[in-house]
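If you want the building blocks of each chain, they are given just below.
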Amino acid sequence: MTAFVEIAMVTLRAMLGRRRTLLMLLLAAIPIVVGLLIRANGRPGPVDVGAVLDGIVIRVVLPLVALVFGTAALGSELEDGTAVHILTKPIRRSTIVLAKVAVAGSLTAAMLVPSTLLAGVLIARPGSDPIPATTAIAVGVLVGSLLYAAIFVTLSIVTSRGLLLGLGYALIWEGILAGLLPGSQVFSVREYVRGIAETLEPSSIESIVGSSAIAYAAIALVATSVIASLRLAVYEVRGSD
Amino acid sequence: MTGPTAALALDRVSRWYGNVVAVNDVSFALGPGITGLLGPNGAGKTTILHMLAGLLRPSAGRVAVGGQVAWRNPAVYREVGLVPEREAVHAFLTGRAFVEMAARLQRLPDPRAAAAKAIATVDLEAVADRAVGTYSKGMRQRVKIAGALVHEPPILLLDEPFNGMDPRQRLHMIGLLRSMADAGRAILFSSHILEEVERLADGILVIHAGRLAAAGDFREIRRLMTDRPHTFTVRSSDDRRLAAAFMAQPAVFGTDLRDGHLTVRVAEFRGFTQAVARVARGAGVSLFEVAPTDDSLESVFAYLVNRR
């Protein structure tokens, strides 16, 4: 436990100290800005909170923020060499992976859960109660933050091009293909987020996987963390010669 | 020192990256004391140290540290401290925070006291509460050493520990490593500078192009290095007469008069350098210049490799 906390604290400080945190805050503010614009325009017609949050947060902002934090948490330390000081300690590789996933996922959630809640309230129709639907979606975003973080931490161990490949995965698979190919939703984080929200509040959003999303997300989280730990155990540090 | 009792052992170890062979069939076993891993840049020193530190998988052979296999075995890090060549330490951490983190990750019972002791050992107390980002290169090297020895490991691996240090810091580092070796530790450090290894190491491993060129006592290898065939260029008042005089010397293989100077190939360094003035005087020739032409470390290493 000590090692987990120790690694998590240093990772958190390393991540918060960077300019990227500021950029991610700006990205996380996009749903709020959209909400403000909708409200400022006097909401010409009924706006579907679920559809707007799905289109902006779940489809675009969530995977992008998680991508940046997920690949930075361990990948940038492997790149710049600071990870060696952690790798050469008698600690389980899974402890390192879980600490990194926890920090990247928590940072993503810390930015996007409030952003989702606020945007949902801003977008909602006057007189309607936006809290149940928005909260349900925010819980989905919370789970999605952790799962995306685990995927991107894993990717950053497997390849030094984690950011680029992760971007391709987020935009092409999660953004386009997973919505088009029948049956592919079972392998889509976006669909899990929607399924969790729908399970908690059926009126919030529609999904294909429904309440199975919780099981799928749990399996995916465990599987990616195990893969990441196994890959980190055989990670090779290349020297200068 | 052989087999599982050795602190550090490579048994017919090779490592290749694709088609490039970085380390080629290297075997050695080291016990307590300081050993210098000497070789030019790109010889394979870091690859060997990283394999010993469990950070690289050997492509063939066995790498053992304290009798345990190093690869995929985080438990060896209780026995080993690694000081990598790269300076990378989180710049925002203070020196003390960095060393205390190492102590906690080693699960030491009193991390604070252990860190304070390690910081005192590397003589860094005065700046321990400053951020590492403000440190000089020498200070960073020392804080990495403090982090690597905070758990008092019996084995210490250091990759080019003297890089970027000024002479005073070098002296301090030499004293530090000496005292740690005297305490019974096995220390292996890499360097591409002969004089560093000469001043510090009890034993030496010479690596060239991935192969172990020589291993053993430093004086023995120094003799091999100096007693190898050499080529000298000589300028004198009468090169032709001097060439004839040299040819009468048993240590001289051949002479060559070209481009306005005399080239002399000799069997061994010392014998020739001792005889050259006497021979010139005997021939009535004034010497203007005597210079070895191939005394670069690279040529020394190449010679040692080809000799085996």
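Residues numbered from 1 in each chain as written. Chains lettered and ligands numbered in written order. Predicted model: local features only at pLDDT ≥ 70, side-chain atom pairs only at ≥ 80, totals over all residues.

1. Re the interface of chain A and chain B
And step 1. Residue-level contacts link 26 residues of chain A with 33 residues of chain B.
And step 2. Among the secondary structure elements, those contributing two or more residues to the side of chain A that touches chain B are α1 (2-16) and α5 (84-87) of chain A.
And step 3. It is α1 of chain A that contributes the most residues to the side of chain A that touches chain B, six residues altogether.
And step 4. Split by residue class, the side of chain A that touches chain B holds 11 nonpolar, eight polar and seven charged. (Contact = placed C-beta atoms within 7 Å. Helix = DSSP H or I, 4+ residues; strand = E, 2+ residues; numbered from the N terminus. Nonpolar A, V, L, I, M, F, W, Y, C, P; charged D, E, K, R; others polar.)

2. Observations regarding the sheet that holds strand β11 (residues 230-236) of chain B
Residue and element names in this part refer to chain B.
And step 1. Overall, antiparallel pairing links the four strands, which are arranged β12-β13-β11-β14 in an open sheet. Each edge of the sheet is formed by a strand with only one pairing partner; in this case those strands are β12 (252-258) and β14 (287-292). Pairwise comparison of adjacent strand axes, ignoring direction, gives a mean angle of 20° for this sheet.
And step 2. By the bridge criterion, five bridges tie β11 to β14 in an arrangement that is antiparallel. Counterpart to Ser236 in the pairing with β14 is Leu287. (Pairing = 2+ DSSP bridges. Axes fitted to C-alpha atoms, helices over the stretch in contact; angles between N-to-C directions.)

3. Concerning unusual backbone geometry
Residue and element names in this part refer to chain B.
And step 1. Although it is not a glycine, Asp123 sits at a positive phi angle of roughly 60°.
And step 2. Mapped onto the secondary structure, Asp123 falls in the loop between α3 (111-121) and α4 (137-149).
And step 3. On the basis of neighbour counts, which here come to 16 C-beta atoms within 10 Å, the residue Asp123 falls in the partly exposed class.
And step 4. Even without a glycine there, the phi angle at Ala209 is positive, about 50°.
And step 5. Along the chain, Ala209 turns up in the loop between β9 (203-208) and β10 (211-217). (Buried ≥ 20, exposed ≤ 12 C-beta atoms within 10 Å, placed from the backbone.)

4. So, helix α9 (residues 189-200) of chain A
All names here are of chain A.
And step 1. Taking 1.5 Å as the rise per residue, α9 with 12 residues should run 16 Å; its terminal C-alpha atoms sit 17 Å apart, in good agreement.
And step 2. Taking burial as the measure, the 12 residues of α9 include 10 buried ones, the bulk of the element.
And step 3. Where α9 is buried, its residues contact α3 (49-73), α7 (131-158), α8 (162-180) and α10 (212-233). (Expected span 1.5 Å × (residues − 1).)

5. Some details on the packing of helix α2 (residues 95-105) of chain B against α3 of chain B
When two helices pack together, their arrangement is given by the angle between their axes and by how far apart the axes lie.
Residues and elements named next belong to chain B.
And step 1. For the pair α2 and α3, the least separation of the axes is 8 Å and the interaxial angle reads 125°. In this view, α2 runs oblique relative to α3, as classed from their interaxial angle. By crossing handedness, the relation of α2 to α3 is classed as right-handed. Between α2 and α3, the residues in contact are Gly95, Arg96, Val99, Glu100, Ala103 and Arg104 and Pro111, Arg112, Ala114, Ala115, Ala118 and Ile119, respectively.
And step 2. Residues of the contact of α2 with α3, tallied by class, amount to seven nonpolar, one polar and four charged. (Parallel < 35°, antiparallel > 145°, perpendicular 65-115°, else oblique. Left-handed = near helix turned anticlockwise from the far one by under 90°.)

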